Each structure stands twice: as structure tokens, then as C-alpha cells.
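For reference, the chains in residue letters:
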Amino acid sequence: MTTAAAKGDSGPIRQAQWIGNGFVLVASNNLQDSEGQLASDPAGLELIDTRSWTAYALAPQADSFTVANGLLLATGARWRGNVNPTGMGLEAYESDGKRRFGLFAAQDVWIDHIANGRAYVAGYGWKEERVIKLSTGRIIGARTTVAAPTLLLGQGNPLG
């Protein structure tokens with residue numbers, strides 16, 4: 001076993017969220033560390049019905065999600081070390097599982113944050129975030145990415 005693998009840098013990573021009415025969303029990716037190069041492959045986004053323990057595949061290339069404004073927003077990326085990653089872009093689904101919109105196909109993007117009915121989406125190699133109006137799925141602007149401020153006081157601050 002490599003030193004990195006011994007530290008836990010390899011294996012499955014799962015993100016889950018209870019969404020009510022007996023349903024759980026689970027997104028996953030698999031990390032691999034071989035010859036000192038870390039890699040990640042998405043393992044998909046599933047909706048699990050806990051009443052029957054049946055899983056439904058929603059987005060096979062997703063590795064993360066955000067639930068906001070009545071939508072499920074999914075993203076996913078495949079990467080090998082520092083080589084340009086590929087991705088699935090951003091896909092939005094309604095509560096019935098119907099796909100509402102998709103943007104940035106084949107690009108590695110992620111949701112920076114959600115505010116006022118908008119998603120702020122960043123992407124690998126981008127200098128500006130794209131601002132998406134969630135009600136329409138349209139790009140309504142761009143802004144220079146700025147690092148989030150560090151919380152100095154209160155719960156979650158890095159100083160303990």
C-alpha cells in the first residue's frame with residue numbers, strides 16, 4: 001500500500017442528503033492514488049427510495065449536487081493529477097426527476113454558491129463565474145471570482 005493510500009487518499013467518497021417523503025439523494029466519486037498521482041472518477045447521482053430500498057440513477061456522470069429553489073443541481077468531473085479535467089457541466093432537475101436545463105456540456109464546473117434565485121457557477125480554467133437564473137436556466141451575467149472571506153469568529157472558524 002502506498003503512503004498516500006494509507007492516509008486514505010483512495011476509495012469511495014459519498015455525499016447524501018435526506019429530501020423527505022422517504023427519499024435520499026446520494027452522489028459519489030471514486031478516488032485512486034497510483035504511482036503518486038491522484039485521480040477521480042464520478043460514480044453517479046442516485047435517488048434512493050428508503051421504503052423499498054430501490055435506487056434510481058439520475059445522472060451517471062455526477063459526483064456532487066445541490067438542492068436549491070426547488071431544483072436538484074448536479075455536476076461532475078473526471079480528472080487525473082494536474083491534467084485538464086473533463087466534466088458533465090451543470091444539469092438541473094425538477095422535483096419529479098424531469099431535466100429542466102443543462103449548461104456547460106463536457107466542462108468541469110461546480111456550484112460556488114446559491115443566492116437570491118441564482119447559482120454562481122465556476123469552472124476549471126475560468127477567470128469569471130457565470131451567474132445562472134435558476135427559474136429560467138439562463139446565464140444572466142459573469143463576475144470575477146473572489147475567494148470567500150475566512151470566518152474569524154463563531155461556529156466554523158478555523159481558529160477553533
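These numbers come from a predicted model, not from an experiment.

A.B. asks: Help me understand the overall build of the protein in this model?
C.D. replies: Scanning the protein from N- to C-terminus turns up one helix and twelve strands. When the helices and strands of the protein are read in sequence order from the N terminus, they spell out α-β-β-β-β-β-β-β-β-β-β-β-β. The long-range share in the protein, meaning contacts at least 24 apart out of those at least 6 apart in sequence, stands at 30%. Roughly 9700 Å² of accessible area belongs to the protein as shown, and the carbon and sulfur atoms make up 51% of that amount.

A.B. asks: Which parts of the structure should I look at to understand the side chain of E91?
C.D. replies: Relative to the assigned elements, E91 resides in strand β7 (residues 86-93). With residues up to four places along the chain from it excluded, the contact list for E91 reads A59, L72, L73, A74, R99, F101 and G102.

A.B. asks: Where do I start with the pattern of salt bridges in this structure?
C.D. replies: In the structure shown here, the tally under the stated rule is six salt bridges. With its nearest N and O atoms 3.0 Å apart, the salt bridge here joins D49 to R51. For D49, a relative accessible area of 9% translates into the label buried. Between E91 and R99 there is a salt bridge, with its nearest N and O atoms 3.9 Å apart.

A.B. asks: Where do I start with unusual backbone geometry in this structure?
C.D. replies: Both trends apply: most residues other than glycine have a negative phi, and most peptide bonds are in trans. Its identity as a non-glycine residue notwithstanding, N69 has a phi of 50 degrees, on the positive side. Turning to its location among the elements, N69 is positioned in the loop between β5 (64-68) and β6 (71-80).

A.B. asks: Explain the confidence of the model for the protein to me, please; I cannot follow it from the model alone.
C.D. replies: Low pLDDT means the predicted atomic positions in that stretch should not be read closely. Of the residues in the protein, 85% reach a pLDDT of 70 or more, and the chain-wide mean stands at 87. In this model residues 1-6 is a low-confidence stretch, pLDDT under 50, and it forms six contacts with partners more than four residues away in sequence or in other chains.

A.B. asks: Is there a simple way to think about the layout of surface pockets in this case?
C.D. replies: One water molecule sets the probe size; rolling that probe over the atoms shows where empty space is left. Here the largest pocket defines a volume of roughly 300 Å³. For the lining of the largest pocket, the secondary-structure elements that each account for two or more residues are β2 (23-34) and β6. Residues that form the lining of the largest pocket fall into these classes: nine nonpolar, three polar and two charged.

A.B. asks: Even after reading the chapter, I still don't get the nonpolar core, so can you show me in this structure?
C.D. replies: Generally speaking, soluble globular proteins have nonpolar side chains that are buried together. In this structure, L73, L90, F101, F104, V121, I132 and L134 are the most contacted members of the largest nonpolar core, which totals 15 residues. Secondary-structure elements contributing two or more residues to this core are β6, β7, β8 (99-103), β9 (109-115) and β10 (118-123). Every residue in contact with I132, bar those within four places of it in the chain, is listed here: F101, L103, F104, G117, R118, A119, V121, G137, R138 and I139. With eleven residues, the next largest nonpolar core counts L25, A62, F65 and L72 among its residues.

A.B. asks: Got a minute to help me understand the pairing of strand β12 (residues 138-144) in this structure?
C.D. replies: When a strand is regular, its side chains alternate between the sheet's two faces. One ladder, built from six bridges, connects strand β11 (residues 128-133) with β12; its direction is antiparallel. Along β12, the bridge assignment pairs I132 with I139. In sequence, β11 turns back onto β12 through a hairpin of four residues, with G137 there showing a positive phi of about 75 degrees.

The rules behind each value
Residues numbered from 1 in each chain as written. Predicted model: local features only at pLDDT ≥ 70, side-chain atom pairs only at ≥ 80, totals over all residues. Heavy atoms only, no water. Helix = DSSP H or I, 4+ residues; strand = E, 2+ residues; numbered from the N terminus. Contact = heavy atoms within 4.5 Å. Areas by Shrake-Rupley, 256 points an atom, 1.4 Å probe, with all protein chains shown as cover. Salt bridge = Lys/Arg side-chain N within 4 Å of Asp/Glu carboxyl O. Buried < 20%, exposed > 50% of the residue type's maximum accessible area, 1.4 Å probe, protein only. pLDDT = per-residue confidence, 0-100. 1 Å grid on protein atoms, 1.4 Å probe; cavity = no way out; pocket = protein on both sides within 12 Å on 5 of 7 lines; lining within 4 Å. Points joined across faces, edges and corners; volume = space filled by probe spheres on them. Nonpolar A, V, L, I, M, F, W, Y, C, P; charged D, E, K, R; others polar. Core = buried A, V, L, I, M, F, W, Y, C linked by side-chain atoms within 4.5 Å. Pairing = 2+ DSSP bridges.

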